[in-house]
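# Architecture at a glance
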Amino acid sequence: IGEAYPDKDIYSLFYQSKTADGISNQILLNFRTGEFAHREYADLSFTAAALARRSGVNKFYLASSTIVYEQSDIYPTEDGTKLDRYYDIDWNDFGLAGDKWLKGVEFSTLKKPGGRVAVSVAVDDKDEFYFEKFFTLKNMPGSGDYARVVYRIDPGLRGTRHKIRIRLFHDETGNAVEVTPPMKIFYEPISENEST
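Within every chain, residues take consecutive numbers counted from 1 along the sequence as written. Where local features are concerned, this predicted model is filtered to residues with pLDDT of at least 70; where side-chain atom pairs are given and counted, the filter is 80 or more; whole-chain, interface and lining totals use all residues. Hydrogens and water are ignored here; the side-chain numbers use all heavy atoms of the structure.

Moving on: the overall build of the chain. For helices the rule is a DSSP run of H or I covering at least 4 residues; for strands it is a run of E covering at least 2, with both sets numbered from the N terminus onward. On a plain count of helices and strands, the chain comes out with zero helices and 15 strands. Burial status follows relative accessibility: with a 1.4 Å probe on protein chains alone, a residue under 20% of its type maximum counts as buried, one over 50% as exposed, and anything between as partly exposed. The buried share among the 196 residues of the chain stands at 39%. Of the roughly 11,400 Å² that the chain leaves accessible, carbon and sulfur atoms contribute 51%. Exposure was quantified through the Shrake-Rupley algorithm and a 1.4 Å probe, taking into account, for residues, occlusion by the shown protein chains and nothing else.

So, in structure tokens, the structure goes:
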């Protein structure tokens, strides 16, 4: 039994394990990034599923032998299972028209054992991301409960508009990895002798 959430880049597949009498497992695929997550419904076993449209909205229903469940509109949820996701700072010229060098970003996250982030950048409305670097959040420098992520590109990524992607990984169960504002973005204008 499968369902797609195109606005969240997620495809979900429910399946029956060898030891279960009904459907009790789910695989989530982010079809944009290729990442997988797995969820097991330990106390529930579904016997049927259906996708129905009510009031102009697609709803997914799962039924046990006695109860019908409607999945949340805020799907997929963070309930302690591993679900990798990303946070984008969309195409921006950072208030400086023309070509510039994007040099890096700095931001904070909650310190989290088992949590990681990966930062990469894209240029001039192209789909490809470059200079991806991974950071673990367990013992990073910062203050108190916050870790400071310092991402630098040398010499930089030249372009007119840039996009920044922060991928969030939950390698262990627990609270989700969070990016906390503010974020600093570092860039330099193209000098006159570089403009040709």
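Attention shifts here to unusual backbone geometry. Glycine aside, the phi torsion of most residues is negative, and most peptide linkages are trans. For the bond running from Asp154 to Pro155, omega is 10°, close enough to zero to count as cis. You will see that Phe94, though not glycine, has its phi angle at about 55°, which is positive. Here Phe94 lies in the loop between β8 (85-92) and β9 (100-110). For Phe131, which is not glycine, the phi dihedral falls at a positive 55°. Within the secondary structure, Phe131 is located in strand β11 (residues 130-136).

Right, let's get into a nonpolar patch on the surface. Residues enter patches when they are more than 30% accessible in relative terms and free of salt bridges; like-charged ones are connected within 9 Å and nonpolar ones (Val, Leu, Ile, Met, Phe, Trp, Tyr) within 5 Å. Whenever a carboxyl oxygen of Asp or Glu lies within 4 Å of a side-chain nitrogen of Lys or Arg, that contact is scored as a salt bridge. Nonpolar side chains collect at one region of the surface, where Tyr11, Leu13 and Phe31 lie side by side and expose about 270 Å² of accessible area between them. Tracing the backbone through its elements, the reader meets Phe31 in the loop between β3 (25-30) and β4 (36-40). Given a relative accessible area of 45%, Phe31 falls into the partly exposed group.

This next bit is on the nonpolar core. Residues grouped as a nonpolar core are buried Ala, Val, Leu, Ile, Met, Phe, Trp, Tyr and Cys residues, joined through side-chain atoms within 4.5 Å. Counting 21 residues, the largest nonpolar core has Val117, Val119 and Ile164 as its most contacted members. Of all elements in the fold, only β9, β10 (115-123), β13 (146-159) and β14 (162-170) reach the threshold of two or more residues within this core. Element by element, the count of residues in this core is highest for β13, at five residues. The criterion used for residue contact is that any of the two residues' heavy atoms lie within 4.5 Å. The contacts of Val119, once residues within four sequence positions are left out, are Val105, Phe107, Phe131, Glu132, Lys133, Phe135, Tyr151, Ile164, Arg165 and Ile166.

Now for the packing of aromatic side chains. For this analysis, a ring pair means two rings from Phe, Tyr or Trp (six-membered ring only for Trp) whose centres lie within 6.5 Å, classed as stacked if their planes differ by under 30 degrees, edge-to-face if by over 60, and tilted for the remaining angles. All chains considered together, the criterion is met by two aromatic pairs. Plain terms: the ring middles of Tyr130 and Phe131 are 6.5 Å apart, the flat faces sit at 55° to each other, and that makes the pair tilted. Relative accessible area serves as the criterion here: at 29%, Tyr130 is assigned to the partly exposed category. We note Lys133 situated over the ring of Tyr151; from NZ or CZ to the ring centre the distance is 5.6 Å. Two conditions define a charge located above a ring, namely a distance within 6 Å from the ring centre to NZ of Lys or CZ of Arg, and an angle within 35 degrees of the ring normal.

Moving on, we get to the environment of Leu102. Turning to its location among the elements, Leu102 is positioned in strand β9. Ignoring anything within four residues of it in the chain, the contact list for Leu102 reads Phe94, Val121, Ile153, Gly156, Leu157, His162, Ile164, Ile185, Phe186 and Tyr187.

Glancing now at the pattern of salt bridges. As enumerated under the stated definition, the model contains eight salt bridges in all. Note that Arg158 and Asp99 form a salt bridge whose closest N and O atoms lie 3.3 Å from each other. Of this pair, Arg158 sits in strand β13 while Asp99 is found in the loop between β8 and β9, placing the two residues 59 residues apart along the sequence. Residue Asp99 is classed as partly exposed on the basis of its relative accessible area of 35%. Between Glu106 and Arg152 there is a salt bridge whose closest N-O contact spans 2.5 Å. With Glu106 in strand β9 and Arg152 in strand β13, this pair connects stretches of sequence that are 46 residues apart. Taking the relative accessible area as the measure of exposure, Glu106 reaches 14% and is therefore buried. Each of Asp88, Asp90, Lys163 and Arg165 takes part in one network of salt bridges that share partners.

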